[in-house]
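# Results of the structural survey
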Amino acid sequence: MAALALEEIVVPLRTFTLRLTFAVDSAIALVGPSGAGKTTVLRAIAGLVRPESGRITSNGEVWFDAAMDVSLPPDRRRVGLVFQDYALFPHLSVRQNIEYARHRSADEYLDRFSIRHLERARPSDLSGGERQRVALARALAREPDVLLLDEPLSALDAHTKAGVRAELHDVLRGLGIPVLLVTHDFEDAAALADRVGVIVAGELRQIGAPGDLVAQPSDSFVASFTGANLLNGYGERADGVTRVRLLDGTVVTTADEAQGEVVLAVYPWDITVSTVVPNDSAMNLINAPIRRIAEFGNRIRVTIGPVSAEITEESLRRLGLEVGQSVYASFKATGTRVVA
Amino acid sequence: MKRALVACFVTVVCVVTLAFLALPIVAIFAHTTPGHLIDQLSNPVVRDALVVSLKTSLIAQALIVCFGTPTAYLLATRRFFGHSVAITLVELPLVLPPAVAGIALLAAFGRLGLFGSTLDALGLTLPFTQTAVTIAVAYVASPLYIRQAIAAFEATDPNLTAASRTLGAGPTRTFFRVVLPLARGGLIAGLALSFARGLGEFGATIMFAGSLQRVTQTLPLAIYAEFDRNFNATLAMSGVLVLLSVALLLGLRIGLTWQRSPSKRSLYLFGPSPSG
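What counts as what
- Residues numbered from 1 in each chain as written.
- Chains lettered and ligands numbered in written order.
- Predicted model: local features only at pLDDT ≥ 70, side-chain atom pairs only at ≥ 80, totals over all residues.
- Helix = DSSP H or I, 4+ residues; strand = E, 2+ residues; numbered from the N terminus.
- Rg over C-alpha atoms; globule rule 2.2 N^0.38 Å.
- Buried ≥ 20, exposed ≤ 12 C-beta atoms within 10 Å, placed from the backbone.
- Contact = placed C-beta atoms within 7 Å.
- Pairing = 2+ DSSP bridges.
- Axes fitted to C-alpha atoms, helices over the stretch in contact; angles between N-to-C directions.
- pLDDT = per-residue confidence, 0-100.
- Core = buried A, V, L, I, M, F, W, Y, C linked by C-beta atoms within 7 Å.
- Parallel < 35°, antiparallel > 145°, perpendicular 65-115°, else oblique.
- Left-handed = near helix turned anticlockwise from the far one by under 90°.
- Nonpolar A, V, L, I, M, F, W, Y, C, P; charged D, E, K, R; others polar.
- Expected span 1.5 Å × (residues − 1).
- Bend = angle between axes of the 7 residues up to and from the residue.

Within chain A, the secondary structure is distributed over nine helices and 21 strands. Relative to the compact-globule value of 20 Å for 340 residues, chain A shows a C-alpha radius of gyration of 22 Å, a close match. If you line up chain A on its principal axes, its C-alpha atoms span 65 × 50 × 35 Å. Taking all 340 residues of chain A together, 44% fall into the buried category. Taking all contacts inside chain A whose residues are at least 6 apart in sequence as the whole, residues at least 24 apart take part in 65%.

Okay, structure coming up:
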């Protein structure tokens, strides 16, 4: 049984109605444009918003059930919620903020999140990354059964973001409780969660592993929103470029600097598919059989080895592509970005 | 050249305004020697008025805080049918002429008033007692506290109360550990304003409670009564009220600074806060 389950949750919002059914057993990210109802989902789970109907359970414990007229107040749901602006108490020190949830010493959490040196500081004196660590420590100090994160990286500048994302990734891995995070950034979602759900106007369009969403989007909205292929590998710097060895042995070259474990992003529409070895400036060439051809509208996603390329229906017909056929996917080193 | 003229003009206007505001205050203390003013404090009329004023003000303010704080919190955080009517009701005494407030209180609690017979049956007579002074003060001063308290409660980030709830704190703990500390500055400022208004209360008190020395004669009423009998005594009482007002104004400024930067505890009163 899933640890956290939402069954036919209905929340009327201003311009649309949120309708959701899904379960969270590991780390799931809901991704969608702003105003899609993402934050409302978290607030409904935490008990800050009362759905019109439906049922929310955690480990079999009923938190909300419209039919049974059950709705536990937020303080009786074992839930950790990290707010988008972190919502740290401005009149309390870092230590007091953490002990607010705990009624006991915050020592364990100050050490675990390397914030002991900040224990006497007020939230207004902290940097964005530090605030996030304190907010996370505070939410976890409650020893929740479920962790909810609202746009955990949006309050950070681009420079801090990469570091914090890697840090957060490690923390979430080690928790052992269901994690639900919402974000408008597919790359953040794919980097932090095992499964990603795309939510538009209160409706869950598709949910799956990030690679599956890129390879086989259910509709054009998911396709445009999911964006990049994300490639995990090990990077080494040489001759002014970074060579990244992927898990399947493919080596990809990127113009970005990186060293060690990296995640590379490359957009499907930046990848060219050809049946013969192309003679152009692209530094990356993958030769592999076509694994899958997925159609949505007049656009086609063709999965070749570790990447999915997006081509038009006309190109598909002209090249006569079929599943299993050996083809070349090429993309430029400057078309890739190191995202983690 | 033109800019220099404008600057000169503005400076002169500013000096005239400040002088206009300061001169009467200075005159109170300049008219007689400080020693003479202190001597007047042993005058029984002055002493009685001071005791009546402080006693009724303290009781009235305590009542305002006890009843006004929960009322303000409810009005700030909940929207319900009749909300704007309730807000208007809270603000009404603020715009009501004090004499009208006095008549209204008489009409409600006077012997021939709305609740007169009920109070009579209980053996209570309110008009022209010290209780009447307290009621009049509470009636006219409460809007200043409640309005400021509503503003202070509305200014607290609802995400912080939500965070407190998700961290396992119930509504009561959330109120005392999060809402109250964050609104504290605004509440202190409101209390200072309300206290100042209550101390200066004249119209409603004289209508509803009269002006009996040792019973209902507050400082402003005593100033009026002594005005053509013992001018020095009125000056002494005015001096006391000025000092009290200055103390309350300081309280107000401290409160407002606190409210603005709850994390800094800045005690800068008349300058930019050190946080910039």
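Moving on from the coordinates now.
Our focus in this paragraph is the overall build of chain B. In terms of regular secondary structure, chain B is built from 12 helices and zero strands. Written out in order from the N terminus, the α and β elements of chain B read α-α-α-α-α-α-α-α-α-α-α-α. If you line up chain B on its principal axes, its C-alpha atoms span 75 × 65 × 35 Å. Here chain B holds 276 residues, and 39% of them are scored as buried.

This part covers the interface of chain A and chain B. Tallying the contact residues gives 19 residues for chain A and 15 residues for chain B. Of all the secondary structure elements, the ones that give two or more residues to the side of chain A that touches chain B are strand E7 (79-82) and helix H2 (94-102) of chain A.

Residues and elements named next belong to chain A. As summarised here, the arrangement of the five strands in space is E16-E20-E17-E18-E19, forming an open sheet in which the pairing is antiparallel. The sheet is open, and its two borders are formed by strand E16 (272-274) and strand E19 (307-312), each paired with just one other strand. Across the sheet, the mean angle separating the axes of adjacent strands is 45 degrees when strand polarity is ignored. As paired strands, E16 and strand E20 (residues 326-331) are joined by three bridges and run antiparallel to one another. Residue pairing in the sheet places threonine 272 in a bridge with serine 330 of E20.

Looking now at the confidence of the model for chain B. Residues and elements named next belong to chain B. The pLDDT averaged across chain B works out to 87; a share of 93% of its residues lies at or above 70. Within the model, pLDDT remains below 50 along residues 262-276, and this stretch shows 29 contacts once partners closer than five positions in the same chain are excluded. Model confidence for the complex: the whole-complex pTM is 0.78, and ipTM, which rates the interface, is 0.78.

Leu148 of chain A together with Ala136 of chain B are the most contacted members of the largest nonpolar core, which has 163 residues in total. When residues of this core are assigned to their parent elements, the largest contribution, 16 residues, is made by helix H7 (residues 130-155) of chain B. Setting aside its immediate chain neighbours within four residues, alanine 136 of chain B contacts Gly102, Leu105, Glu201, Ala204, Thr205, Phe208 and Ala209 of chain B.

Residues and elements named next belong to chain B. Put simply, helix H8 (residues 158-166) and helix H9 (residues 171-199) touch, their axes get as near as 10 Å, and they point 140 degrees apart. As the angle between them shows, H8 and H9 are arranged oblique. Crossing of H8 against H9: the hand is right-handed. Residues Leu160, Thr161, Ser164 and Arg165 of H8 form the contact with H9, whose participating residues are Thr174, Val178 and Val179. Among the residues forming the contact of H8 with H9, the class breakdown is three nonpolar, three polar and one charged.

The end-to-end C-alpha distance of helix H1 (residues 2-31) of chain B is 42 Å, a good match for the 44 Å that 30 residues give at a rise of 1.5 Å each. Largest kink in H1 of chain B: about 35 degrees, centred on alanine 22 of chain B, with the proline proline 24 of chain B one to four residues after it.

All names here are of chain A. Where strand E4 (residues 53-58) lies against strand E5 (residues 61-65), four bridges are found, and the strand directions are antiparallel. Looking across to E5, one finds that isoleucine 56 is bridged to phenylalanine 64. Linking two consecutive strands that pair antiparallel, namely E4 and E5, is a turn of two residues; a positive phi of about 50 degrees is found at asparagine 59 within it. By the bridge criterion, two bridges tie E5 to strand E6 (residues 70-71) in an arrangement that is antiparallel. For aspartate 65, the partnering residue across the bridge sits in E6 and is valine 70. Between E5 and E6, which follow one another and run antiparallel, lie four residues, and aspartate 69 among them has a positive phi close to 55 degrees.

Turning our eyes to something else, we now look at the sheet that holds strand E14 (residues 251-254) of chain A. Residues and elements named next belong to chain A. In spatial order, the strands read E14-E13-E12-E15-E21; together these five strands make up an open sheet with antiparallel pairing. Both edges of this open sheet fall to E14 and strand E21 (336-338), since each of them pairs with a single strand only. Taking each pair of neighbouring strands and ignoring which way they run, the sheet shows an average axis angle of 40 degrees. The pairing of strand E15 (residues 260-266) with E21 spans three bridges and is classified as antiparallel. Among the inter-strand pairings, valine 266 is bridged to a residue of E21, identified as threonine 336.

Turning next to the confidence of the model for chain A. Per-chain confidence: chain A averages 88 in pLDDT, with 99% of residues scoring 70 or above. Of all secondary-structure elements in chain A, the lowest mean pLDDT belongs to helix H8 (residues 220-226) of chain A, at 75, while strand E8 (residues 146-150) of chain A reaches the highest, 95.

A separate point is the environment of lysine 38 of chain A. Residue and element names in this part refer to chain A. By the element assignment, lysine 38 lies in helix H1 (residues 38-46). Accessibility expressed as a C-beta count within 10 Å gives 25 for lysine 38, which makes it buried. Lysine 38 sits 165 residues away from glutamate 203 along the chain, and the two C-alpha atoms are 9.9 Å apart. Leaving out residues up to four positions away in the same chain, lysine 38 has contacts with Leu30, Gly32, Val182 and Ile199.

Another aspect to go through is unusual backbone geometry. A positive phi angle is found at glutamate 8 of chain A, which is not glycine, with a value near 45 degrees. Residue placement: glutamate 8 of chain A occurs in strand E1 (residues 4-12). A positive phi angle is found at arginine 214 of chain B, which is not glycine, with a value near 75 degrees. Locating arginine 214 of chain B in the fold gives a position in the loop between helix H10 (203-208) and helix H11 (219-226). Arginine 214 of chain B sits in the partly exposed class, given 13 other C-beta atoms within 10 Å.

Each pair of packed helices can be summarised by the angle the axes make with each other and by the distance between the axes. Residues and elements named next belong to chain B. Look at helix H3 (residues 44-77) against H9: their axes get within 10 Å of each other, and the N-to-C directions meet at 140 degrees. Comparing the axis directions of H3 and H9 gives the class oblique. For the pair H3 and H9, the crossing hand works out as right-handed. Listed contacts from H9 to Ser53, Ser57, Ala60, Gln61, Ile64 and Val65 of H3 are Leu191, Ser194, Phe195, Gly198 and Leu199. Considered class by class, the residues forming the contact of H3 with H9 number six nonpolar, five polar and no charged.

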